[in-house]
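Examining the three-dimensional arrangement
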Amino acid sequence: MTTDQLNDLKERLVSLRRYLDVDERKRQIEDKEQQSLNPNFWDDPKRAETILKELKSHKNWVEQYEDVATLVEDTEVLQEFYQEGEGTEEDVNARYREALDAMENVEFHSTLNQEEDELGAVLEINAGAGGTEACDWAEMLYRMYLMWAEKQNFKVSELNNQPGDVAGIKSASLEISGDFAYGFLKGENGVHRLVRVSPYNAQGKRMTSFASVFVHPMIDDRIEVEVNPADLDWDTFRSSGAGGQHVNKTESAVRVRHMPSGIVVECQQERSQHMNREKAIQMLKSRLYELELEKKRAEKQAVESTKMKNEWGSQIRSYVLDDRRVKDHRTGYQTSQTDAVLDGDLDEFLKAYLMHHESSSN
């Protein structure tokens, strides 16, 4: 580690403290802790829970900053000892790498600074045109996101699954529950392109398949979205997924159309129609919330209308298996570890998008 590298680390720490507004967060922690000690604090449970959630968030960011600050300070102390003839260069370099990794990790997490970023996510996958090939690709993506979520220790529930006629899936929806699940996954919206030698083609031809991914935040009690029951058109049907005799005999799955927006939501996760209706309403509110977010983003980014938008029709990533290459077309990040990516190693792609998005929006 050089003196310049240490100075760069210290400068980044100063910038991080300013960006996270650590001093203001500490004042907020003190204020909210005082509020929580008020004997009447729980008279309004909803407000109390909001205050405690904000308190937890402020503490989390301050702790992350202070952990990095401690590592940077330790690195500087070890460097001074080494220059005075004590300790080893290996010790200094090891602590420097530890501080650098921690710094980059907090800088990355600091990009997740919108209210909705902290929420869970609903991830929808739809096979593109192309029959069995596209349905198989959609199922490969389904498995990829499932494995990614498991690596994060997130809870995953299948909300809907429409099997393909021969193999794979036509469409599927997953609820991914965990802190910042939506923040991590929000850049996955768009078209994912697969190029491979097809296992379904007798001539072994190279085939191209497409599938669309749509991610939106799963709102909870912290966010209120009003839905007029008169605007809803309900339908029931039999679940198409595995579920035993009960599912086959009853129309427990539900479909609801929100007539003003045209949004249609299906849910067959639960065994009872009542529970599926409740989940469908939550999913609908999440979609409506996402719609409002999109409107705000469109207004904010009107000046960038000439740039490629991260929308349904935009191809965001290519997975070229025979060339052993996965490339994100927005950030330029790519890897030759195609098997690892399809096994859920997505973090570098997610990080590259979030860092790129943050820098381009500043």
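To start, this report covers the structure provided alongside it.

About the criteria used
- Residues numbered from 1 in each chain as written.
- Predicted model: local features only at pLDDT ≥ 70, side-chain atom pairs only at ≥ 80, totals over all residues.
- Heavy atoms only, no water.
- Helix = DSSP H or I, 4+ residues; strand = E, 2+ residues; numbered from the N terminus.
- Buried < 20%, exposed > 50% of the residue type's maximum accessible area, 1.4 Å probe, protein only.
- Areas by Shrake-Rupley, 256 points an atom, 1.4 Å probe, with all protein chains shown as cover.
- Phe/Tyr/Trp six-rings, centres within 6.5 Å; stacked < 30°, edge-to-face > 60°.
- Lys NZ or Arg CZ within 6 Å of the ring centre and 35° of its normal.
- Expected span 1.5 Å × (residues − 1).
- Axes fitted to C-alpha atoms, helices over the stretch in contact; angles between N-to-C directions.
- Parallel < 35°, antiparallel > 145°, perpendicular 65-115°, else oblique.
- Left-handed = near helix turned anticlockwise from the far one by under 90°.
- Contact = heavy atoms within 4.5 Å.
- Nonpolar A, V, L, I, M, F, W, Y, C, P; charged D, E, K, R; others polar.
- Salt bridge = Lys/Arg side-chain N within 4 Å of Asp/Glu carboxyl O.
- Arc of directions from axis to C-beta.
- Pairing = 2+ DSSP bridges.

The next thing to look at is the overall build of the protein. Of the regular secondary structure elements, the protein holds ten helices and eleven strands. Looking at the protein residue by residue over its 362 residues, the buried ones come to 42%. As presented, the protein carries roughly 19400 Å² of accessible surface, and 46% of it is formed by carbon and sulfur atoms.

With that settled, the discussion passes to the packing of aromatic side chains. In the structure shown here, the tally under the stated rule is six aromatic pairs. Considering the side-chain rings of Phe41 and Trp42, the 5.4 Å spacing of their centres and the 80 degrees angle between planes classify their relative orientation as edge-to-face. Chaining the aromatic ring pairs together yields one cluster made of Phe108, Trp148, Phe154 and Phe184. Here the guanidinium or amino end of Arg255 rests over the ring plane of Phe237, the centre of that ring lying 4.4 Å away. Residue placement shows Arg277 over the ring face of Trp234; its charged tip is 4.0 Å from the ring centre.

A word on helix H4 (residues 89-109). Compared with an ideal rise of 1.5 Å per residue, which puts 21 residues at 30 Å, H4 spans 30 Å between its outermost C-alpha atoms and is within 8% of the ideal. Every buried residue belonging to H4 is among Val92, Asn93, Tyr96, Ala99, Leu100, Ala102, Met103, Val106, Glu107, Phe108 and His109, and all of these are buried.

Following both chains from N to C, one finds helix H3 (residues 45-83) and H4 inclined at 160 degrees, their axes separated by 9 Å at the closest point. With respect to each other, H3 and H4 are oriented roughly antiparallel. Like other packed secondary-structure pairs, H3 and H4 cross with a definite hand, here left-handed. In this structure, H3 uses Trp61, Gln64, Val68, Leu71, Val72, Asp74, Thr75, Leu78, Gln79 and Tyr82 to contact H4, whose residues at the interface are Glu89, Asp91, Val92, Arg95, Tyr96, Glu98, Ala99, Ala102, Met103, Val106 and His109. Split by residue class, the contact of H3 with H4 holds twelve nonpolar, four polar and five charged.

This model, assessed by the stated rule, comprises 28 salt bridges. Between Asp74 and Arg95 there is a salt bridge, with the nearest N and O atoms lying 3.2 Å from each other. Separated by 21 residues along the polypeptide, Asp74 in helix H3 and Arg95 in helix H4 bring together distant segments of the chain. Accessibility expressed as a relative area gives 27% for Arg95, which makes it partly exposed. A salt bridge links Arg330 to Asp328, with the shortest nitrogen-to-oxygen separation between them at 2.8 Å. Here Arg330 matches Asp328 in class, with each residue buried. Within this structure, Glu188, Arg317, Asp328 and Arg330 form a network of salt bridges that share partners.

This part takes up helix H1 (residues 3-20). Given a rise of 1.5 Å per residue, 18 residues ought to cover 26 Å, and the 26 Å separating the end C-alpha atoms of H1 matches this to within 8%. Among the residues making up H1, those that are buried are Leu6, Leu9, Leu13, Leu16 and Leu20. Here the buried residues of H1 occupy an arc of 75 degrees about the axis, which is enough to place them on one side. Away from its buried face, by an angle of more than 90 degrees, H1 presents the exposed residues Asp4, Glu11, Val14 and Arg18. If you follow the buried residues of H1, they end up packed against helix H2 (22-36), H3 and H4. One or two positions beyond H1, positive phi appears at Asp21, with a value near 55 degrees.

It is generally the case that most residues other than glycine have a negative phi and that most peptide bonds are trans. One non-glycine residue, Phe180, adopts positive backbone phi at about 70 degrees. Inspection of the secondary structure assignment puts Phe180 in the loop between strand E3 (169-177) and helix H6 (181-185). Under the relative-accessibility criterion, Phe180 is labelled buried at 14%. One non-glycine residue, Arg324, lies in the positive phi region at around 50 degrees. Its location among the elements puts Arg324 in the loop between strand E9 (315-320) and strand E10 (325-328).

As paired elements, strand E6 (residues 232-237) and strand E7 (residues 253-258) share six bridges and run antiparallel to each other. Looking at E7, one finds that Asp233 is bridged to Arg257. The pairing of E7 with strand E8 (residues 263-267) spans five bridges and is classified as antiparallel. The residue of E8 that forms the bridge with Val256 is Val265. Hairpin connection from E7 to E8: four residues lie between these consecutive antiparallel strands, with Gly262 at a positive phi of about 80 degrees.

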